[in-house]
Amino acid sequence: MKILLVEDDAILRKGIRVFLTREGHEVVEAENGKHAFILLKKDPVDLIVSDVMMPEMDGLDLLKHVHAYRPQLPILMMTAYASVKDAVFAVKNGAEDYLTKPLDLQELKIKISKIEEKTALLAENSDLKEKIKRLEFSEMVGTSPPMRALKEMIRRVAADPTLPVMINGESGSGKELVARAIHSFSERAANPFVAVNCAAFPEELLESELFGYKKGAFTGANHDKPGYFQEADKGTLFLDEIGDMSAKMQARLLRVLQEKTIQVLGSTKTQRIDVRIIGASNKKLNDLVEQGIFREDLFYRLNVIELKVPALREHPEDIPLLIDYFVKQKEEVSGKKLFFSSQTIEMLQSYSWPGNVRELINLLRQLQITCISEQVLPTDIPLKIRQSKPFDAKYFSDESFPSDYKRALKGAIQTFDFNFLNNQLKLNKGNISKTAKAIGLSRVALHKKINDLGIPMKRES
C-alpha cells in the first residue's frame with residue numbers, strides 16, 4: 001500500500017515511516033496538511049495517515065480538501081488524548097478511523113490491515129459492477145434513436161433502486177435484458193437478480209415458488225424451501241409475463257409492495273424483505289385493467305416507471321449491428337465465418353420480424369448450419385422471410401447470385417413459386433380447390449407446395 005504520512009514531529013514521523021516500510025508499505029512524508037495536499041496532487045496514494053494538530057493546515061482542513069478532491073481516499077487520523085474530540089469529529093465527517101498518541105504501532109498495523117481489506121473489497125465490487133454493466137449493455141446492441149433513448153432511460157431508472165418498474169414490449173424484444181441492465185446499473189448490482197416467468201407456473205406452484213414454504217405446509221413439503229423473494233433479498237426480482245398472474249397472486253403481490261414483507265407458506269410470521277420489483281408483459285396492462293383481469297391498484301403500484309422496448313421492425317437500421325455481434329459470438333464457438341451481402345441485409349431489414357431479436361438470433365443459428373459457403377445470399381434466407389418482399393431482380397444481381405448454378409436456380413424457382421402461388425391464392429380468396437384448378441395443379445400437389453414454401457394461409461370470408 002502507498003501511504004502518505006502527515007506529521008509535523010520529524011522524529012515521530014521517521015519512527016512511523018521506518019515501521020511502515022518494514023511492514024512492506026511505500027511511504028511518502030509531509031510535515032503538514034498544506035504540503036500533503038500538494039504531494040497528493042502530484043503523486044496519488046492509497047491511504048493517508050495524518051496528525052490532527054499541525055501548523056499551516058491541520059488534519060481537519062486536510063480531510064475537507066482531500067474529500068473534495070478524492071472522496072473515496074481513506075484517511076486515518078492520529079491525535080493526542082486532549083484532542084480526541086477533534087478525531088471523533090473527523091471520523092463523523094469522513095475519516096476512516098483514528099488512533100491516540102502515544103501510538104501503539106501494532107494497533108496502527110491492525111487498522112491499516114482493515115482499511116486494506118475494505119479497499120480491496122470495494123475495488124472488487126466496483127470491478128464486478130463495471131463488468132456486469134459492460135456485459136449487459138454489450139448485448140443491448142443498437143445505435144438507432146429508439147435504442148439510444150432506451151439506454152438513457154435505463155441509466156435514469158437505475159439511479160433510484162427502490163422504484164418499481166414496468167417493462168412493456170413484444171415477445172422476443174429483450175425485456176429481461178432490459179431488466180438485467182437496470183439491475184446492473186443500480187446500487188443493487190452486487191446482489192442477486194432473480195427472473196421468474198409467471199406464465200410458466202400454475203397458481204399454486206407460483207405461490208410456493210415466490211414466497212417459499214415451511215416443512216409440512218402441504219403434501220410433499222418435506223423440508224423448508226426459500227422462495228424467489230427471499231433469494232432476491234437486497235437485489236431485484238424480475239416478474240416476466242406478470243399479466244398472466246391470477247387474481248389471488250395479484251392480491252399477494254400488492255400486499256408485498258405495500259408492506260415490504262412476505263409470509264412464507266405454512267408460517268404465521270411475516271418476514272421483511274428489501275427487493276426491487278421489475279414487471280414485464282407483452283400484453284397491454286391498461287387493456288387488462290379495463291377488462292377487469294388485472295387489478296387497477298396493483299397496476300399503479302407497479303407502473304411507477306414504464307419502459308417500452310422497441311420491436312425490431314421499429315429500428316431495422318440496427319439489424320447489421322445485431323448480425324455482426326451475434327455472428328462473431330457464433331464464430332468464436334464454431335470457427336465458421338459468415339458474411340452477408342448488401343442485398344441480403346436489405347431483405348432482412350424489410351422483414352417485419354414478428355419474433356423480434358429472438359427470431360433474428362434463431363435465423364443466424366440456422367444459417368450457421370445450413371449455409372454452404374461463408375457468404376450469405378438472399379437465396380440462403382428462408383422463404384418465410386423472402387415472402388415478405390416481392391420478387392425483385394436486384395436480389396439476383398451479379399453480387400448476390402451464388403456461383404453454384406444449381407443453388408442459384410433453386411433459389412430463383414422457389415422465389416417464383418412462392419410469389420406466383422401466393423398471388424393466385426389471394427385472387428381465389430384462399431380457396432385451395434379453386435386455385436389448384438386455375439393453375440392446373442392437383443389439390444394434393446398444391447397443398448404440398450404451400451407447406452414446403454411456408455405460404456401463410458388465411459381464408460377470406
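It should be noted that the structure appears before, not after, this text.
Residues numbered from 1 in each chain as written. Predicted model: local features only at pLDDT ≥ 70, side-chain atom pairs only at ≥ 80, totals over all residues. Heavy atoms only, no water.

Draft legend 1. Structural detail: helix α1 (residues 10–22). Under the 1.5 Å per step criterion, the end-to-end length of α1 is 18 Å for 13 residues, consistent within 8% with the ideal 18 Å. Taken together, the buried positions of α1 are occupied by R13, I16, F19 and L20. Along the long axis of α1, the arc covered by the buried residues comes to 130 degrees, so they all point the same way. Of the exposed residues in α1, the ones pointing more than 90 degrees away from its buried face are I11, K14 and R22. (Helix = DSSP H or I, 4+ residues; strand = E, 2+ residues; numbered from the N terminus. Expected span 1.5 Å × (residues − 1). Buried < 20%, exposed > 50% of the residue type's maximum accessible area, 1.4 Å probe, protein only. Arc of directions from axis to C-beta.)

Draft legend 2. Region of interest: the sheet that holds strand β6 (residues 165–168). Taken together, five strands build an open sheet; the order of strands is β7-β8-β11-β6-β12 and the sheet is parallel. One side of each edge strand has no neighbouring strand; the edge strands of this open sheet are β7 (193–197) and β12 (305–308). Between one strand axis and the next, the sheet turns by 20 degrees as a mean value, whatever way the strands run. Sheet topology note: the β7/strand β8 (residues 236–240) ladder contains five bridges and is parallel. Counterpart to V194 in the pairing with β8 is L237. Where helix α7 (residues 175–184) meets the sheet, it contacts β6, β7, β8, β11 (276–281) and β12, and its direction lies at approximately 150 degrees from that of β6. (Pairing = 2+ DSSP bridges. Axes fitted to C-alpha atoms, helices over the stretch in contact; angles between N-to-C directions. Contact = heavy atoms within 4.5 Å.)

Draft legend 3. Molecular detail of the environment of K101. You can see K101 is positioned in strand β5 (residues 97–101). On the accessibility criterion, K101 (18% relative accessible area) is buried. Through-space distance from the C-alpha of K101 to that of V84 is 9.8 Å; in sequence the pair is 17 residues apart. A polar contact of 3.1 Å, which involves the side chain of K101, links it to the side chain of D51. (Polar contact = N/O pair within 3.5 Å; in protein donor to acceptor, adjacent residues only side chain to side chain.)

Draft legend 4. Inspection of the pattern of salt bridges at higher detail. By the definition in use, this model includes 27 salt bridges. K118 serves as the salt-bridge partner of E96, at 2.9 Å between the closest nitrogen and oxygen. Of the two residues, E96 is situated in the loop between α4 (84–92) and β5 and K118 in helix α5 (residues 105–139); the sequence distance between them amounts to 22 residues. When its relative accessible area of 28% is taken as the criterion, E96 is described as partly exposed. By relative accessible area, which is 42% here, K118 ends up partly exposed. We note a salt bridge from D224 to K214, for which the minimum N-O separation is 3.5 Å. Of this pair, D224 sits in the loop between α8 (203–211) and α9 (228–231) while K214 sits in the loop between α8 and α9; the two residues are 10 residues apart in sequence, bridging distant segments of the chain. Several salt bridges share partner residues, and in doing so they unite K2, E26 and D43 into one network. (Salt bridge = Lys/Arg side-chain N within 4 Å of Asp/Glu carboxyl O.)

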